[in-house]
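Structural features, examined
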Amino acid sequence: MAKGSFLFLLLYDARVTMSSPTRKSSSVAPAAAATSPTRKSVGPAPQAATAAPASPAGKPRLSVANKEYKFTPENDKFNGFYEFGGTVGNLGLIAFSHSVIFFFWICIEYYGGNVVHPWHPQLRTHASRMGIAADGDSISTFFRVIAGHLAEGATPSAFHWQVFIGFLLLEYFFAVIMPGVTSVGLPIPSENYTARTYRCNGLLSWYGMLAVAATLHVTGIFPLWTLRENFGRFMTVGVLLGDAFSVILYASGFVLGRAVRLSGNPLHDFFMGSMLNPRLPFEVDVKLFAEIRNSWVLLFLLTSSCASKMYKDHGALSPNMVFICLAHFLYTNACQKGEECIPSTWDIQHEKFGWMLIFWNTAGVPFLYAVMPLYTQTINPTFQYPVPVTIAMFVVLLCAYYVFDTANGQKNRFRMQRQGCDPKVLTRRAFPYLPGGYIPNPKTIKSERGELFVDGWYAHGRKIHYTADIIMAFLWGFQAGLPLAFVPYFYFIFFVSMLMHREGRDQERCKAKYGPLWDQYIKLVPYKLIPGVI
C-alpha cells in the first residue's frame, strides 16, 4: 500500500459516515425504555432514569440517520483535572512504558530471568563478549551493555516491519469483510449526545486469524516459533508503530477539526489524545479495533509462539505452558465474543484515543503480558508443579474466568438493554456460552440522576469482576514455576496497581454523576472485591 493511502486510512474521519443516509438510527433510547415496568426496583420510589444529560437549551437529542448530527465539543470541555499525574506523571509513564517491556525481555533473554542491574555478576561477561571495556564505572557499563543487547536482539529488519504491518492489515481486512452483529454505544456529549453504532465481528475475525496462523505454521511458510525467535525485533516494531500512530492521530484531531476536551498542555493532550472516536473506512472504529484485535490477538499469537518454540526444542509442552496458553486463549476469546459489550464501556464513550491507549494496545499489552509464557519457555521449560497443584491451578482459573465472563456480561448487557440494543444481540450465545451473563429484568436503583445495576454478581460486590481479573493475573505469574521470581509476577503487581487507580477514577466520576444515588448504592452494596471482606 502506498504511503499516502496508508496515512489516509489513519486520518480518516467519521464525519462522512455519520451523515450517511443509509446508516441506521442510533439515537438514545427514550427514558421509558430505561424504566421498563418489568424491571425490579430497589430502594425509594423511583423516578424515570435518563440515559444521558439533557442536550443544551433543552433541544431533543438527535439521531445519526436524520443528517442533523453535529460536532459539539462545547458539551465536553476539559474539567481542569490532569490525569495520570499531569506533565510529570505523563512523561514518566511514557519513559517507563518504553523501558519496561525491553527491560524484562533483556532479563529473560540474557540474564536467566533475573533482574539485571549495574552490579549484576553477568554484566561484565556480556561486556567482554561485546568488546565493551569495563572501566570501573558500573552505571556507564550497564547502559552500554543494555544498548548492545538492543542492537543485537531488538533491531528490526524490513521482514519484521512487513510481518507486523501485514498482521494489522489482515486484522483490518477481517474487520471489513466478516459478518457480525450491530451494537449501540452510549450517548457522546461532544457529538450532541448521539450514540454510535458499531459492527462487531471480532469473533469471526479471531477465528479467521487463528486459521491463517495455523495454516502458515503447518505449511512452514511462517512457523509460529518465528515470533519467539524474533521477539525483541517485533517488539521494537510495535513500539515504533505505537508512537507513530499516536503522533498521526494526535495531529489528525487538529487537522480535521475534531479535537475535544483539550487541556492546553500539549504533552498531556498528546498522552490522553485529541480525538475521541476516529474511524477507518468501511465503518471500522479505530479504538474498538485496537482494544481487542492488535492487542489481545497478538498476545495470544506470541504465547502460541512460545509454546511452539518449547515443543520444537523439547518435543513436548509442560503443563504450565498448556495452562498459560489456555488462560490467554480464554481471555482473548472473551474479548472477541463479548465485543458487542465494549461500545457501552467508559473506554469507548469517554476515553480519548491518545498515546496511552494507542501505545499500550499496539505494544504494551501484547509484549509485556507475553513475559509470562516467555519466562516459562526460556527459563523453566521443564518445570512442573505436583499434580494436585496443577489441577488446582486449572480449577481456580476456570472458576475465576466464569465470574469474569458473566459479571462483565451482566453489567454491560444492562447498559446495552437501556440503549435499546437488539434483543438478539443481548441473548446471542458465542463460544464458550456461560449461563448467567445476562439478566433480562434486573434489580436497579434509580433517581433523576440515573439508574444503577444491583443484581447478579453486583449485588455482592461493586467491582467483583476486578476480583476475578486479579486472580487470573496472579495465576499467569504463578504458572512460571519455582523459585519465585519478580519478572513473571511484575504483570500481576502492575495490573493490580492499574485497577486500583482506575477504581479511584470510577469512584470520583460516579460520585459526581449520580450524587446521592451513589451514596445509596454504596450502602446497599458496601463491598468492592470480596463480599464480607473488602
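Each remark here, short or long, concerns the structure printed above.
Residues numbered from 1 in each chain as written. Predicted model: local features only at pLDDT ≥ 70, side-chain atom pairs only at ≥ 80, totals over all residues. Heavy atoms only, no water.

**Points about the side chain of Gln349**
Counted only if it meets this: Numbering goes from the N terminus for both helices and strands, where a helix is a DSSP run of H or I of at least four residues and a strand is a run of E of at least two. Each residue gets one of three labels from its accessible area relative to the maximum for its type: buried under 20%, exposed over 50%, partly exposed in between, using a 1.4 Å probe on protein chains only. N or O atoms within 3.5 Å of each other form a polar contact, as long as, within protein, one can give a hydrogen and the other can take it, and as long as residues adjacent in sequence are counted only when both atoms are side-chain atoms. Contacts were defined at the residue level, with two residues in contact if any of their heavy atoms lie within 4.5 Å.
Position of Gln349 among the secondary structure elements: in helix H15 (residues 346–349). Residue class for Gln349 comes out buried when judged on its relative accessible area of 18%. One polar contact links the side chain of Gln349 to the main-chain carbonyl oxygen of Pro187, over a distance of 2.8 Å. Look past the residues within four positions of Gln349 in its chain and what remains in contact with it is Leu186, Pro187, Pro189 and Leu276.

**Topic: the pattern of salt bridges**
Rules: Salt bridges are defined by distance alone: a side-chain nitrogen of Lys or Arg within 4 Å of a carboxyl oxygen of Asp or Glu.
By the definition in use, this model includes 22 salt bridges. We note a salt bridge from Arg428 to Glu340, for which the minimum N-O separation is 3.0 Å. Taken together, the positions of Arg428 in the loop between helix H19 (423–426) and strand S6 (443–447) and Glu340 in the loop between helix H14 (319–337) and H15 put the pair 88 residues apart, joining distant regions of the chain. With relative accessibility at 0%, the residue Glu340 sits in the buried group. Here Arg418 ties to Glu451 by a salt bridge, and the two come within 3.3 Å at their closest N and O atoms. With Arg418 in helix H18 (residues 387–418) and Glu451 in strand S7 (residues 450–453), the pair connects residues that are 33 residues apart, well separated along the chain. For the pair Arg418 and Glu451, one class covers both residues: buried.

**Observations concerning the environment of Pro366**
Mapping Pro366 onto the fold places it in helix H16 (residues 355–369). Between the C-alpha atom of Pro366 and that of Ile101, which follows or precedes it by 265 residues, the distance is 9.9 Å. Dropping the residues within four chain positions of it, Pro366 is found in contact with Asn294, Ser295, Leu298, Leu299, Leu302, Trp360 and Asn361.

**Remarks on the packing of H18 against helix H20 (residues 464–478)**
Going by this rule: Lines fitted to C-alpha atoms define the axes here, with helix axes fitted over just the stretch in contact, and angles between the N-to-C directions of these axes take values from 0 to 180 degrees. Note on terminology: angles under 35 degrees are roughly parallel, angles over 145 are roughly antiparallel, angles of 65 to 115 are roughly perpendicular, and the others are oblique. Handedness of a helix crossing follows the sense of rotation of the near helix relative to the far helix, less than a right angle counterclockwise being left-handed and clockwise being right-handed. Residue type decides the class: Asp, Glu, Lys and Arg count as charged, Ala, Val, Leu, Ile, Met, Phe, Trp, Tyr, Cys and Pro as nonpolar, and the leftover types, Gly among them, as polar.
At a closest axis distance of 8 Å, the pairing of H18 and H20 adopts a crossing angle of 150°. When the interaxial angle is binned, H18 and H20 end up roughly antiparallel. At the point where H18 passes H20, the crossing takes the left-handed sense. Contacts from Val389, Met393, Val396, Leu397, Ala400, Tyr401, Val403, Phe404, Ala407, Asn408 and Lys411 in H18 reach Ile464, His465, Ala468, Asp469, Ile471, Met472, Leu475 and Phe478 in H20. Here the contact of H18 with H20 is composed, by residue class, of 15 nonpolar, two polar and two charged.

**A few points about H18**
Put simply, the test is: Helices are assigned an expected span. That span is 1.5 Å times one less than the residue count.
Given a rise of 1.5 Å per residue, 32 residues ought to cover 46 Å, and the 47 Å separating the end C-alpha atoms of H18 matches this to within 8%. Among the residues trailing H18, Gly420 stands out with phi positive, at a value near 80°.

**A few points about the nonpolar core**
Going by this rule: Among the buried residues, those of types Ala, Val, Leu, Ile, Met, Phe, Trp, Tyr and Cys that are joined through side-chain atoms within 4.5 Å form a nonpolar core.
Formed by 127 residues in total, the largest nonpolar core has its most connected members in Ile101, Leu368, Tyr369 and Trp476. Dropping the residues within four chain positions of it, Leu368 is found in contact with Ile101, Phe104, Trp360, Ala363, Phe490 and Phe494. In this structure, Leu452, Leu517, Trp518 and Tyr521 belong to the second largest nonpolar core, which totals nine residues.

**Observations concerning the environment of Leu326**
Structurally, Leu326 is set in helix H14. Taking the relative accessible area as the measure of exposure, Leu326 reaches 28% and is therefore partly exposed. In sequence terms Leu326 and Leu398 are 72 residues apart; their C-alpha atoms lie 9.7 Å from each other. Once you skip the residues sitting within four places of it in the chain, Leu326 turns out to touch Phe394 and Leu397.

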